[in-house]
Amino acid sequence: MARLVTKKRKSNVLTPSQLRCLSKIPTINITSGCIHGCIYCYTKGYSQYPGDDTVILYDNTCQKLTDELARKRKKPQAVYFCPSCDPFQPVRQILDQTYKTMETLLKAGIAVQFVTKAIVPARFSELFAKHSNLICAQVGLTCVDDNIRKIFEPGTASVSQKLATLQTLVEMGVATGARADPLILGVMDSDGSLSQLFTAISKAGVKEIAVSYLFLRPAIRKSLERNIKDNQLLSQLLKPYSQGTALPIGMKNSQGIALPSRMREEAFARIKKIALDFGISVHICGCKNSDITTESCHITRPVHLPKPQLFA
Ligand code: SF4
């Protein structure tokens with residue numbers, strides 16, 4: 001497991017993300033690096049990535065946020081956690097900082113939106129239940145096979161834990177979706193795997209799923225080559241990318257190699273057709289598929305604040 005290093009953040013806490021879908025909402029990273037160790041993680045290519053063996057916790061995040069909010073004339077309506085890590089990494093110090101930071105925002109009436117692949121601990125559920133109209137959540141779940149999950153995202157919560165998290169969030173009235181991103185062609189997207197996934201999330205009360213396929217950058221490719229011990233699986237996974245399409249992924253001209261456009265179009269059409277039988281709507285990530293769609297994956301949502309009460 002990666003070692004935890006604690007640091008004071010010097011720069012602002014509320015920052016815009018380089019990802020296009022998150023460019024209109026301030027974001028907070030609680031850590032640099034992530035204990036989950038997903039082998040496809042796109043942050044591996046970032047200049048500030050601390051390496052697979054280190055996670056840096058900014059333990060003054062909540063204090064800096066409080067100071068920044070006090071200075072702002074117009075407070076943000078919502079804040080997104082976290083573009084480059086998971087806010088609920090299962091380490092006490094990280095969870096403590098995430099809790100304080102989210103609590104500060106919610107008490108100020110600012111919505112909290114997040115994607116996670118971890119267990120959301122009970123104390124967060126209690127906090128979210130009090131502010132359910134201000135929470136928007138996606139839980140990352142690409143398939144229901146824990147053996148496949150362990151290959152690609154070894155440190156994340158198990159499939160059953162993720163499904164339990166989805167159900168808890170749905171039951172407390174939080175706007176909740178599943179997120180199958182990245183799907184791996186030929187490994188996670190057979191008709192049978194998708195049917196099992198849709199069965200499981202619909203049982204948890206989820207009605208929508210965001211989807212996208214793996215894209216490659218040099219650092220991601222190296223990570224896959226280093227970590228996938230099964231050579232047949234590795235070559236099966238990489239082969240379609242030899243004909244791949246270079247696409248802009250972030251804001252600053254950064255590119256990734258996606259599956260060929262036609263392959264993705266056919267796959268998304270098939271996924272949507274299967275999902276229909278389960279009453280699940282599929283949202284394709286338009287940022288990572290800008291050549292074929294302008295859809296939104298609903299990683300963030302407009303905030304529906306409670307109506308003001310005219311008479312007490
Ligand atoms: S949970 Fe997200 S940020 Fe963390 S390692 Fe996995 S992909 Fe990267």
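Residues numbered from 1 in each chain as written. Predicted model: local features only at pLDDT ≥ 70, side-chain atom pairs only at ≥ 80, totals over all residues. Heavy atoms only, no water.

Here the focus is the site of the ligand. Contacts to the ligand come from C34, H36, G37, C38, Y40, C41, S84, C85 and K117. Here the ligand occupies the largest cavity. Residues of the shell around the ligand, tallied by class, amount to five nonpolar, three polar and one charged. (Near = heavy atom within 4 Å. 1 Å grid on protein atoms, 1.4 Å probe; cavity = no way out; pocket = protein on both sides within 12 Å on 5 of 7 lines; lining within 4 Å. Sits in = over half its atoms within 2 Å of the grid points. Nonpolar A, V, L, I, M, F, W, Y, C, P; charged D, E, K, R; others polar.)

Another aspect to go through is the packing of helix α7 (residues 218–227) against helix α8 (residues 231–238). Interaxial distance between α7 and α8 falls to 9 Å at its minimum, and their mutual angle equals 160 degrees. The pairing of α7 with α8 is recorded here as roughly antiparallel in orientation. Two secondary-structure elements touch here, α7 through R221, L224 and E225 and α8 through L234, L237 and L238. In terms of residue class, the contact of α7 with α8 is built from four nonpolar, no polar and two charged. (Axes fitted to C-alpha atoms, helices over the stretch in contact; angles between N-to-C directions. Helix = DSSP H or I, 4+ residues; strand = E, 2+ residues; numbered from the N terminus. Parallel < 35°, antiparallel > 145°, perpendicular 65-115°, else oblique. Contact = heavy atoms within 4.5 Å.)

This part covers the environment of K8. Among the structural elements, K8 can be located in the loop between β1 (3–7) and β2 (27–28). Overall, K8 belongs to the exposed group, its relative accessible area being 54%. Counting along the chain gives 49 residues from K8 to L57, while the straight-line C-alpha distance between them is 8.2 Å. Not counting the four nearest positions on each side in its chain, K8 is found in contact with Y58, D59 and N60. Looking at K8, its side chain comes within polar contact range of the side chain of D59, at 3.0 Å. (Buried < 20%, exposed > 50% of the residue type's maximum accessible area, 1.4 Å probe, protein only. Polar contact = N/O pair within 3.5 Å; in protein donor to acceptor, adjacent residues only side chain to side chain.)

Right, let's talk about the pattern of salt bridges for a bit. One pass over the structure, following the stated rule, counts 16 salt bridges. Taking the shortest distance from any N to any O, the salt bridge between R270 and D191 comes out at 2.6 Å. Here D191 lies in helix α6 (residues 191–203) and R270 lies in helix α9 (residues 261–276), a separation of 79 residues in the sequence. Classification of R270 by relative accessible area gives partly exposed; the value is 28%. You can call D191 partly exposed: its relative accessible area is 44%. Note that R221 is salt-bridged to E225, the shortest N-O span being 3.4 Å. Taken as a pair, R221 and E225 lie in helix α7 at a separation of four residues, close to a single helical turn. One salt-bridge network, held together by shared partners, links K44, D52 and R226. (Salt bridge = Lys/Arg side-chain N within 4 Å of Asp/Glu carboxyl O.)

Glancing now at the side chain of H131. Examined against the element boundaries, H131 turns out to sit in the loop between α3 (122–130) and β7 (135–140). Judged by relative accessible area, which is 17%, H131 ranks as buried. Here H131 is in contact with L106 and K107, once residues within four sequence places are set aside.

Glancing now at empty space enclosed by the protein. What the rule picks out here adds up to three cavities of 30 Å³ or more. Estimated volume of the largest cavity: approximately 600 Å³. Surrounding the largest cavity, 36 residues form its lining, Y40, Y42, P83, K117 and D181 being those nearest its centre. Of all elements in the fold, only β6 (111–116) and β8 (175–183) reach the threshold of two or more residues within the lining of the largest cavity. Counting residues per element, the lining of the largest cavity draws most heavily on β8, at three residues. In terms of residue class, the lining of the largest cavity is built from 23 nonpolar, six polar and seven charged. (Points joined across faces, edges and corners; volume = space filled by probe spheres on them.)

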